Amino acid sequence: MTETVLAGRSAELRARVEQFYATQMRLLDAGEAEAWADTFTEDAVFSANAQSGPTCGRAAIAAAARRTSAELRAAGRTRRHWIGMSAVEPAEDGSVRVASYALIIETEVGGSPILRMSTTCDDVLVDDDGLRVRHRTVARDDIAS
Amino acid sequence: MTETVLAGRSAELRARVEQFYATQMRLLDAGEAEAWADTFTEDAVFSANAQSGPTCGRAAIAAAARRTSAELRAAGRTRRHWIGMSAVEPAEDGSVRVASYALIIETEVGGSPILRMSTTCDDVLVDDDGLRVRHRTVARDDIAS
Amino acid sequence: MTETVLAGRSAELRARVEQFYATQMRLLDAGEAEAWADTFTEDAVFSANAQSGPTCGRAAIAAAARRTSAELRAAGRTRRHWIGMSAVEPAEDGSVRVASYALIIETEVGGSPILRMSTTCDDVLVDDDGLRVRHRTVARDDIAS
């Protein structure tokens with residue numbers, strides 16, 4: 001019985017995580033910077049191996065998204081972030097660790113889609129009135145580790 | 001108890017939807033036009049921003065698939081449709097709204113795979129003796145909205 | 001009641017399979033050849049339409065991964081294997097048949113990601129102290145069938 005219940009939780013958790021990423025990345029790709037930032041906790045930390053230091057807090061995360069989004073719109077480019085191959089692990093503190101691969105597919109108006117970027121994406125998700133990212137680490141595959 | 005049951009339904013629904021897309025797109029990619037058309041309701045509507053008007057009904061959906069499939073076979077090309085990043089939302093009328101991203105990967109015999117197309121795919125699925133598409137809207141990213 | 005239970009099992013099974021692939025392919029991509037081989041049964045058979053004959057047993061599977069991994073490391077290349085569009089079917093003998101699509105995304109240090117390969121991947125998974133692959137068949141889309 002216990003195992004069934006735990007197993008049930010595991011499918012439920014994966015479904016929630018997948019729904020979360022589908023919703024979250026769509027906000028980013030649609031240029032909805034504030035709604036995107038709201039999928040992070042107020043004090044979230046966003047680290048990337050392409051940046052000299054982390055982006056801290058919702059306001060900074062929204063500002064970064066607004067800048068990128070404005071550049072893409074001006075260039076007539078649509079981005080699609082695909083998160084996949086996710087390994088989902090509940091942690092003892094109630095958070096969830098999710099290790100994923102991510103792709104950015106970019107299409108210019110009138111052009112062919114290109115594979116803009118391949119990365120890993122390691123998240124700590126928490127249930128803060130719904131799932132939110134407390135910590136994200138993105139590592140681009142083109143940067144030597 | 002109620003929450004567990006509802007949660008259970010949400011994971012179940014996502015699993016059904018994912019199994020459906022895996023099966024459905026494989027039929028298209030294998031050139032099985034009639035079996036592909038049978039994954040739509042009899043009166044299904046297939047809209048695409050690349051087309052001047054919608055394709056209506058199973059017979060027209062099958063005919064379109066037969067044409068594309070014959071062209072690809074003649075050219076020695078294999079297509080793989082990937083549906084992903086799906087946000088799954090049950091509607092009050094018993095249908096399910098699924099908003100997804102889609103990629104078409106195309107490989108020529110002896111060639112390298114190319115990213116043929118990046119789109120969004122918005123479906124209304126119904127349980128009509130198994131899941132079927134009642135309405136599909138595909139929007140190519142290379143066409144300005 | 002019976003149907004609910006079976007449906008519950010189906011979401012659980014899909015979640016296990018997805019978690020398995022996420023973990024398994026990450027081991028390959030990280031160059032952990034022995035841990036990768038350990039995700040196959042001792043007597044596993046790995047068939048590929050690009051090879052003249054199958055690779056049989058964990059030792060041979062590990063050796064093949066070590067070779068490829070050493071070549072990629074020497075060339076400064078990272079590979080990401082994406083498994084997706086999986087149709088999951090439990091078989092009567094307790095094994096699970098999974099028919100998937102697979103992509104290999106390759107990125108050179110300082111370079112842009114490329115779509116290295118598009119394939120199908122047909123697995124027989126068994127529960128052998130956790131999920132393991134007993135038989136895998138990989139068919140590259142660029143090779144005529």
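Calculation criteria
Residues numbered from 1 in each chain as written. Chains lettered and ligands numbered in written order. Predicted model: local features only at pLDDT ≥ 70, side-chain atom pairs only at ≥ 80, totals over all residues. Heavy atoms only, no water. Core = buried A, V, L, I, M, F, W, Y, C linked by side-chain atoms within 4.5 Å. Buried < 20%, exposed > 50% of the residue type's maximum accessible area, 1.4 Å probe, protein only. Contact = heavy atoms within 4.5 Å. Helix = DSSP H or I, 4+ residues; strand = E, 2+ residues; numbered from the N terminus. Polar contact = N/O pair within 3.5 Å; in protein donor to acceptor, adjacent residues only side chain to side chain. Least-squares fit on C-alpha atoms with pLDDT ≥ 70 in both. Buried area = accessible area lost by both parts, 1.4 Å probe. Salt bridge = Lys/Arg side-chain N within 4 Å of Asp/Glu carboxyl O.

*Asks:* Describe the nonpolar core, and please don't skip the residues or the numbers.
*Replies:* Judged by nonpolar contacts, the single largest core of 94 residues is most densely connected at Trp-82 and Leu-125 of chain A, Trp-82 and Leu-125 of chain B together with Trp-82 and Leu-125 of chain C. With residues up to four places along the chain from it excluded, the contact list for Trp-82 of chain B reads Trp-82 of chain A, Tyr-101, Ala-102, Leu-103 and Ile-105 of chain B together with Trp-82, Ile-83, Gly-84, Met-85, Tyr-101, Ala-102 and Leu-103 of chain C. Counting residues in hydrophobic clusters, the runner-up holds six residues, among them Ala-15 of chain A, Ala-15 of chain B together with Ala-11 and Ala-15 of chain C.

*Asks:* A description of the side chain of Arg-136 of chain A should follow, citing residues and the corresponding values.
*Replies:* Residue and element names in this part refer to chain A. Tracing the backbone shows Arg-136 in strand S6 (residues 131-140). We classify Arg-136 as buried; its relative accessible area is 2%. Polar contacts involving the side chain of Arg-136 include one to the side chain of Gln-24, which spans 2.9 Å. Aside from chain neighbours lying at most four places away, what touches Arg-136 is Tyr-21, Gln-24, Met-25, Trp-36, Phe-40, Val-45, Phe-46, Ser-47, Cys-121, Asp-122 and Asp-123.

*Asks:* Describe the relation of the copies chain A and chain C, naming the residues involved and giving the relevant values.
*Replies:* Each of the two chain copies can be brought onto the other by rotation about an axis and movement along it. Rotating chain A by 120 degrees and translating it 0.0 Å along the rotation axis places it on chain C, where the RMSD comes to 0.0 Å. Both copies of the chain, as the preceding transformation shows, are related through a three-fold rotation axis. Scanning chain A for the C-alpha nearest the rotation axis identifies Ala-11 of chain A, at a separation of 3.5 Å. A share of only 19% of the interface residues of chain A reappears at the interface of chain C, consistent with the copies meeting through non-equivalent patches.

*Asks:* Please provide a residue-by-residue account of the interface of chain A and chain C, values included.
*Replies:* Often the size quoted for an interface is simply the accessible area lost on bringing the parts together. Listed by partner, the interface residues are 27 residues for chain A and 25 residues for chain C. Both faces considered, chain A and chain C share a buried interface measuring about 2,000 Å² in area, 59% of it formed by carbon and sulfur atoms. The tally of links from chain A across to chain C stands at two salt bridges. Where Arg-14 of chain A meets Glu-18 of chain C, a salt bridge forms, and the shortest distance between an N and an O atom there is 3.5 Å. For the interface between chain A and chain C, the tally reads nine residue pairs in polar contact (both at pLDDT 80 or more). Within the residue set of the side of chain A that touches chain C, elements represented by two or more residues are helix H1 (2-29), strand S3 (77-90), strand S4 (96-108) and strand S5 (114-127) of chain A.

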